[in-house]
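So the chains spell out like this:
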Amino acid sequence: SVLGVAFRLLGCSLGRNCDVPASLWRADWDLLHIADGAAVSGSATIITSIVSNNILYLRAVHIGANSDVGDAARVCPGVTLPAKTLVRTQAVVYQESVGEGGEGLILAGNPAQQEAGLEGFQGARGTNGFDQLVVPVVWGLFVLLTASLCTVPVVAI
């Protein structure tokens, strides 16, 4: 896609068939590594730099193959997500959250912790674009239909 080419030109390491939002323009491109098939929600935040005691710290973020970063989730500097990791909505992921976990992690909460008893996450939601194309189109049609039904005829006296 055009967006993927633009990300790569800016220095991002971007795999094939990734679903990344245009809102990732705020990240430090050369510190962002997204593997094949990963998906990042449009409202997720990936942080690659932080200032502490007037010192700028830069840490790369690696998102593993077929991982999914959910809505409003935050991935902090230095995090490496293994393959097939699911970061739930509004989770805040630090490297300590991931630990030595293998692929197939499910992270939730603030700070994110591994959820137990959930097996079988098969990877990212894919690149079918349903949530980015179909839902807005259906919503737009609903708004147009509602607006057309609610119009009040104007009668000149």
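Just so it is clear, the model here is predicted, and its values are computed rather than measured.

**Description of the overall build of the chain**
No. 1: Helices and strands together make up the secondary structure of the chain, namely 3 helices and 14 strands.
No. 2: In the chain, which comprises 157 residues, the share counted as buried stands at 34%.
No. 3: Looking at the chain alone, contacts between residues at least 24 apart form 29% of all its contacts between residues at least 6 apart.
No. 4: When the accessible area of the chain is evaluated, it comes to approximately 9600 Å², of which 59% is carbon and sulfur surface.

**So, the confidence of the model for the chain**
No. 1: Per-residue confidence for the chain gives a mean pLDDT of 76, with 69% of residues at or over 70.
No. 2: Mean pLDDT per element in the chain: helix α3 (residues 130-149) is the minimum at 55, and strand β12 (residues 92-93) is the maximum at 92.
No. 3: Taken as a whole, residues 126-134 scores under 50 in pLDDT and shows 9 contacts with residues more than four places along the chain or in a different chain.

**A look at the sheet that holds strand β2 (residues 32-34)**
No. 1: With parallel pairing, the 4 strands of this open sheet are ordered in space as β1-β2-β7-β10. Strands at the two margins of the open sheet, each flanked by one partner only, are β1 (13-14) and β10 (80-81).
No. 2: Examined bridge by bridge, strand β7 (residues 61-63) and β10 share 2 bridges and lie parallel to one another. Bridge pairing in β10 links I63 to L81.

**Some thoughts on the nonpolar core**
When a protein is soluble and globular, its nonpolar side chains tend to lie buried together.
No. 1: Core analysis: the largest hydrophobic core is formed by 26 residues, its most contacted members being I34, I63, V69, L81, V87 and V93.
No. 2: Excluding residues within four positions of it along the chain, V93 makes contact with R74, V75, C76, V79, L81, V87, V98, L107 and A112.

**A few points about the pairing of strand β6 (residues 55-58)**
No. 1: Sheet topology note: the strand β5 (residues 49-52)/β6 ladder contains 4 bridges and is antiparallel. Across the sheet, I50 pairs through a bridge with Y57, a residue of β6.
No. 2: In this structure, the hairpin formed by β5 and β6 is closed by a connection of 2 residues, where N53 is found at a positive phi of approximately 55°.

**Thoughts on the sheet that holds strand β4 (residues 45-46)**
No. 1: Spatially, 3 strands are ordered β4-β9-β12 in an open sheet, and the strand pairing comes out parallel. Unpaired on one side and paired on the other, β4 and β12 mark the two borders of the sheet.
No. 2: The pairing of β4 with strand β9 (residues 74-75) spans 2 bridges and is parallel. Across the sheet, T45 pairs through a bridge with R74, a residue of β9.

**Here's the deal with the environment of L56**
No. 1: Inspection of the secondary structure puts L56 in strand β6.
No. 2: When near neighbours in sequence (up to four residues on either side) are disregarded, L56 contacts S49, I50 and V51.

**Quick notes on unusual backbone geometry**
No. 1: Following N110, the chain continues to P111 via a peptide bond in cis, the omega torsion being -5°.
No. 2: Among the structural elements, P111 can be located in the loop between β13 (106-108) and β14 (113-114).
No. 3: With phi around 60°, A72 is a residue other than glycine that occupies positive phi space.
No. 4: For A72, the position within the fold is in the loop between β8 (68-69) and β9.
No. 5: Judged by its relative accessible area of 35%, A72 falls in the partly exposed class.

The rules behind the values
- Residues numbered from 1 in each chain as written.
- Predicted model: local features only at pLDDT ≥ 70, side-chain atom pairs only at ≥ 80, totals over all residues.
- Heavy atoms only, no water.
- Helix = DSSP H or I, 4+ residues; strand = E, 2+ residues; numbered from the N terminus.
- Buried < 20%, exposed > 50% of the residue type's maximum accessible area, 1.4 Å probe, protein only.
- Contact = heavy atoms within 4.5 Å.
- Areas by Shrake-Rupley, 256 points an atom, 1.4 Å probe, with all protein chains shown as cover.
- pLDDT = per-residue confidence, 0-100.
- Pairing = 2+ DSSP bridges.
- Core = buried A, V, L, I, M, F, W, Y, C linked by side-chain atoms within 4.5 Å.

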